[in-house]
Amino acid sequence: MFQEIIHVYLMPGMAASPKIFEYIKLPQEQFKIHYLEWLMPLDNESVTAYAIRMCNHVKHDNIVLLGVSYGGIVVQEMSKHLQVRKLIIVSSIKSMHELPNKMLLAKSTGAYKFLPTQLASKIEVFSKYAFGSSINKRLDLYKRYLSVNDSKYLSWSIKEIVCWSQESHDTNIIHIHGNKDTVFPIKNIKGCITVNNGTHIMIINKYKWFNENLPRLILEN
């Protein structure tokens, strides 16, 4: 009996490569995984316009879109222009109202414009922005997951995160969040599936949870 293949597109977090999904495995008889990679932003490009460009890399209909961290923001913007079966975000936010206070302050004061993004080529600085402060003690392990070390990209990403203006979200979105996330603290997050002891990089070190639960979350109505 013919079984429909569900196409699952995965978008990594800020500056990360699709390698962050290397341990994510879904039953091959049901799912086909596709990896999205970061494009360089155009001058003065909004995340909305960027997401439309990213949609050109989606080759199927009725897809599952999953994004991590800033990738979660991007897939939400992409979903407004695609036929999406399921929209899933991990270690991310659903609206501007879930941004932590320090990011809201950076937006209101314009402080994000003065972050030392010229240090993007220094892996220690860049990884802190991409993965959170806890990365430093396991820096060597996670160097492999960073694929973009361009200051223009980093400045653009930080601006688009803190200035994201989405007020409300798709009510059918599936939001998976760790209770130990230091980038987007769970105290600001509403209506999520909570992963115990999950940090901002749980897509890497809690992959067993995702492999066990993603098929059900994708298939259930």
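Residues numbered from 1 in each chain as written. Predicted model: local features only at pLDDT ≥ 70, side-chain atom pairs only at ≥ 80, totals over all residues. Heavy atoms only, no water.

Just to check I follow, could you spell out the overall build of the chain for this structure?
Across its full length, the chain holds eight helices and six strands. Each helix and strand of the chain, ordered N terminal to C terminal, gives the series β-β-α-β-α-β-α-α-α-α-β-β-α-α. Within the chain, buried positions represent 52% of all 221 residues. Look at the contacts in the chain between residues 6 or more apart in sequence, and 66% of them connect residues 24 or more apart. When the accessible surface of the chain is summed, it comes to about 10,800 Å², and 51% of that surface belongs to carbon and sulfur atoms. (Helix = DSSP H or I, 4+ residues; strand = E, 2+ residues; numbered from the N terminus. Buried < 20%, exposed > 50% of the residue type's maximum accessible area, 1.4 Å probe, protein only. Contact = heavy atoms within 4.5 Å. Areas by Shrake-Rupley, 256 points an atom, 1.4 Å probe, with all protein chains shown as cover.)

Sorry if this is basic, but what is going on with the environment of Asn44 here?
The residue Asn44 is located in the loop between strand S2 (31-35) and helix H1 (47-55) in this model. By relative accessible area, Asn44 is classed as exposed at 83%. As a C-alpha pair, Asn44 and Trp156 span 112 residues in sequence and 8.3 Å in three-dimensional space.

What should I look at first to understand the pairing of strand S1 (residues 6-11) in this one?
In terms of burial, S1 is largely enclosed, as six of its six residues are buried. Burial of S1 is two-sided: the residues Ile6, Val8 and Leu10 facing one way and the residues His7, Tyr9 and Met11 facing the other way are all buried. Relative to S2, S1 is paired through five bridges, and the arrangement is parallel. Its bridge partner being in S2, Leu10 is matched across the sheet by Tyr35. (Pairing = 2+ DSSP bridges.)

What is the right way to read the pairing of strand S4 (residues 84-90) from this model?
Across a regular strand the side chains alternate sides, sitting on one face of the sheet and then on the other. Counting buried positions along S4 gives five out of seven residues, so the element sits mostly inside the fold. For the crossover that starts at strand S3 (residues 63-68), traverses helix H2 (residues 70-79) and ends in the parallel S4, the hand is right-handed. Two elements, S4 and strand S5 (residues 174-178), share three bridges in a ladder whose sense is parallel. Counterpart to Ile89 in the pairing with S5 is His175. (Right-handed = clockwise from strand over helix to strand, strands pointing away.)

What am I meant to see in the pattern of salt bridges here?
It is possible for side chains of opposite charge to pair when their charged atoms get near one another. The full count for this structure, using the stated rule, is seven salt bridges. Note that Arg53 is salt-bridged to Glu45, the shortest N-O span being 2.9 Å. Given a relative accessible area of 24%, Arg53 falls into the partly exposed group. Residue Lys159 pairs with Glu160 through a salt bridge whose shortest N-O separation is 3.5 Å. The buried category is assigned to Glu160, whose relative accessible area is 10%. (Salt bridge = Lys/Arg side-chain N within 4 Å of Asp/Glu carboxyl O.)

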